[in-house]
Amino acid sequence: MPNEGSYEAALRRSNEIQADLDVGKTDKYTMLTGDRPTGRLHLGHYFGTLVERVRLQNMGVNTNIIIADYQVITDRDTTEHIQDNVYNMVMDYLACGIDPDKTMIFTHSAVPAENQLLLPFLSLVSEAELERNPTVKAEQEASGHALTGLLLTYPVHQACDILFCKGNIVPVGRDQLPHIEVTRLIARRFNERYGKVFPSVDGLLTSTPLLPGLDGRKMSKSYGNAIAISMTEEETAKRIKKSKTDSERNITFDPVNRPEISGLLSTAAICSGRDPKEIADEIGMGGAGQLKKYVTEAVNGYFAPIRERRHAYENDLDYVKDVLHDGNRRANEIAEQTLAEVREAMGMVY
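Just so we're clear, the structure is a prediction, and the values are computed from it rather than from any experiment.

Could you clarify how one ought to interpret the nonpolar core in this entry?
Formed by 50 residues in total, the largest nonpolar core has its most connected members in Leu43, Tyr93 and Phe303. Going through the elements one at a time, helix H2 (43-59), strand S2 (62-67), helix H3 (82-96), helix H12 (259-272), helix H13 (276-283), helix H14 (287-314) and helix H15 (317-346) are the ones with two or more residues in this core. No other element matches the ten residues that H3 contributes to this core. The next biggest cluster of nonpolar side chains, apart from the first, holds 38 residues, and it includes Ile66, Ala113, Val125 and Ile180.

Below you can see the structure in the form of structure tokens.
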């Protein structure tokens, strides 16, 4: 048997969950996932996670999405634009098919009882266990920011997000599994120490390949290689037109040696449902100009209905606020209930 914390074990559990979902056994699963509101969501977010969230929601899984506003300050010194980012994130969710009647959308800062779980949870992990987390190390290095106490305890805070609503599945890529492992550890130790309150949590490994940015690097706002869901057709065309290519005229799909060309081909492929090599062969000696034209049409064609819906929400901010207020209200009810169970288990009811 593989070690319970190994990738092989995680993959086995993920496949078992997927098999359950495929035959309609959805009522035993509660999913939680979320995003930090540090800017606009882009195509990488859409194909990487949003499509999967909508799929799980529509299958009948109990779905919950947290907008992790407190986590913005793990590695930043300002909360400037945060309110605007949060509202825009809700618009993106709604435009992409998240249904607030089926999915609870809420923010960290609006749910005090959820954050209060951090105190007992912190007592269940050692400093060494927190410092070993590779994701925390990577995020700290990428930000160039000092390791704050909040960033160090980020995986524990994530455990609060998942466990307050008794979440037992989290859609993740392989690199996020260490976070899930911390949550599993905390749930198990709490249950052993105080009595069973929390479920066991598993990562639902997403099979979507990472969509590179337009230049072949990781898609990121800071690289200027991302297309935001909120961009207009004109802004999208401009971003693609400005993207770097190489000097070779013949278009080929070669991610290692031709990352910029291949990044554009990957974007066209995922939006058109075609194979990137096939698109490359078709364009051939048409060069970068023809490739960029193809990518622009593929992206704008795919996102036209999403952007049309998004435009309606942009003109109805009151509705967007209502969705968030209702999600926060529901999250508070659940969090209060879970916190009451925790206090009861710990003998802290006076």
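Teacher, can you tell me more about the pairing of S2 here?
Each regular strand displays side chains that alternate between the two surfaces of the sheet. Extensive coverage of S2 is indicated by the burial of five of its six residues. Bridge count for strand S1 (residues 30-35) against S2 is six bridges, and the pairing is parallel. Across the sheet, the residue bridging to Gly34 is Ile66, located in S2. Between S1 and its parallel partner S2, the chain crosses via H2, and the hand of that crossover is right-handed. Judged from the five bridges that link them, S2 and strand S3 (residues 103-107) form a sheet pairing that is parallel. Counted as the bridge partner of Ile66 is Phe106 from S3. The parallel pair S2 and S3 is bridged by H3, and the resulting crossover is right-handed.

Would you mind showing me how to read the pattern of salt bridges here?
Working definition: two side chains of opposite charge can pair if their charged atoms are close together. Evaluation of the coordinates by the stated rule reveals 24 salt bridges. The closest approach of N and O atoms between Arg217 and Asp215, which form a salt bridge, is 2.9 Å. Here Glu333 makes a salt bridge to Arg329, at a shortest N to O gap of 3.1 Å. One end of the pair, Glu333, and the other, Arg329, are both in helix H15, four residues apart, so they sit about a helical turn from each other. Through salt bridges that share partners, Arg13, Glu181, Arg184 and Asp202 make up one connected network.

Help me understand unusual backbone geometry, please; the structure alone is not making it clear to me.
Excluding glycine, most residues fall at negative phi; most peptide bonds, likewise, are trans. The residue His81 is not glycine, and still its phi comes out positive at about 70°. The topology assignment puts His81 in the loop between S2 and H3. Positive phi, close to 60°, is recorded for Lys166, a residue that is not glycine. Mapped onto the elements, Lys166 comes out in the loop between helix H9 (154-164) and strand S4 (169-172).

Where do I start with the packing of aromatic side chains in this structure?
The geometry of an aromatic ring pair is captured by the separation of the ring centres together with the interplanar angle, meaning the angle of the planes. All chains considered together, the criterion is met by twelve aromatic pairs. With a centroid separation of 5.4 Å and 65° between ring planes, the pair formed by Phe106 and Phe164 is classed as edge-to-face. With Phe106 in strand S3 and Phe164 in helix H9, this residue pair connects regions lying 58 residues apart in the sequence. For the pair Phe106 and Phe164, a shared accessibility class is recorded, and that class is buried. Consider the rings of Phe121 and Phe198, whose centres lie 5.5 Å apart with planes at 80°: the pair is edge-to-face.

Which parts of the structure should I look at to understand the environment of Tyr93?
Relative to the elements of secondary structure, Tyr93 occurs in helix H3. Overall, the relative accessible area of 0% leaves Tyr93 in the buried class. Put simply, Tyr93 and Ile105 are twelve residues apart on the chain and 9.1 Å apart in space, counted from C-alpha to C-alpha. If sequence neighbours within four positions are ignored, Tyr93 has contacts with Asp35, Leu41, Leu50, Arg53, Ile65, Ile67, Ile98 and Ile105.

What counts and how
Residues numbered from 1 in each chain as written. Predicted model: local features only at pLDDT ≥ 70, side-chain atom pairs only at ≥ 80, totals over all residues. Heavy atoms only, no water. Core = buried A, V, L, I, M, F, W, Y, C linked by side-chain atoms within 4.5 Å. Buried < 20%, exposed > 50% of the residue type's maximum accessible area, 1.4 Å probe, protein only. Helix = DSSP H or I, 4+ residues; strand = E, 2+ residues; numbered from the N terminus. Pairing = 2+ DSSP bridges. Right-handed = clockwise from strand over helix to strand, strands pointing away. Salt bridge = Lys/Arg side-chain N within 4 Å of Asp/Glu carboxyl O. Phe/Tyr/Trp six-rings, centres within 6.5 Å; stacked < 30°, edge-to-face > 60°. Contact = heavy atoms within 4.5 Å.

Note that all results are geometric; they support no functional claim without further evidence.
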